[in-house]
Amino acid sequence: MRPVNSAEASMGPFRFLEGEAFSANRPNQWYDFSRTHTFSDLNTMFQEISLKAKYLFNSRSHVTGGYRYLDYEDDAPYLYDTSGSVDFYSPGFGWLF
């Protein structure tokens, strides 16, 4: 006689408590610069620019693109100069099937 195995697994949806409120105060970046004004005599400036575009070829396909520029300037370095900038490019293609 051959053994018969049967298995079933699933995962229901879950939600983080106050997930939207947590995310709204923290933009998508690697370091939270919101408290740098409390660090000794640091004088900093943070700028962010983003652009997004979407072009529909037809009702089932589209191409998207985005650009994001982040610039951080440390006007009064305390230990070392942490100034810098970064460019993010995000191409994409969508297809409904």
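Description of the structure in this document. (Residues numbered from 1 in each chain as written. Predicted model: local features only at pLDDT ≥ 70, side-chain atom pairs only at ≥ 80, totals over all residues. Heavy atoms only, no water.)

## A closer look at the overall build of the chain
If you tally the helices and strands in the chain, you get one helix and three strands. Walking the chain from its N terminus toward its C terminus, one meets helices and strands in the order α-β-β-β. For the chain, buried positions account for 10% of its 97 residues. Pairs at least 24 residues apart make up 45% of the contacts formed inside the chain by residues separated by at least 6 positions. For the chain, the accessible area works out to roughly 9,100 Å², and carbon and sulfur atoms hold 57% of it. (Helix = DSSP H or I, 4+ residues; strand = E, 2+ residues; numbered from the N terminus. Buried < 20%, exposed > 50% of the residue type's maximum accessible area, 1.4 Å probe, protein only. Contact = heavy atoms within 4.5 Å. Areas by Shrake-Rupley, 256 points an atom, 1.4 Å probe, with all protein chains shown as cover.)

## Overview of a nonpolar patch on the surface
Taken together, Y55, F57, V63, F93, W95 and F97 make up a surface patch of nonpolar side chains, about 790 Å² in accessible area. Checked against the element boundaries, F97 lands in the segment after β3 (84–95). (Patch = residues over 30% accessible without salt bridge, like charges linked within 9 Å, V, L, I, M, F, W, Y side chains within 5 Å. Salt bridge = Lys/Arg side-chain N within 4 Å of Asp/Glu carboxyl O.)

## Regarding the pairing of strand β1 (residues 44–56)
The pairing of β1 with strand β2 (residues 61–74) spans 13 bridges and is antiparallel. For A53, the partnering residue across the bridge sits in β2 and is G65. Between β1 and β2, which pair antiparallel one after the other, the connecting turn spans four residues. (Pairing = 2+ DSSP bridges.)

## Re the pattern of salt bridges
Applying the stated criterion to the full structure yields one salt bridge. R68 is the partner of E48 in a salt bridge, and the nearest nitrogen-oxygen pair spans 2.7 Å. Of this pair, E48 sits in strand β1 while R68 sits in strand β2, placing them 20 residues apart in sequence. Residue class for E48 comes out partly exposed when judged on its relative accessible area of 36%.

## A few points about the sheet that holds β3
If you trace the three strands from one edge of the open sheet to the other, you get β1-β2-β3, paired in antiparallel fashion. A strand with exactly one partner marks an edge of an open sheet, and here the two such strands are β1 and β3. Direction aside, the axes of adjacent strands within the sheet are offset by 10° on average. (Axes fitted to C-alpha atoms, helices over the stretch in contact; angles between N-to-C directions.)

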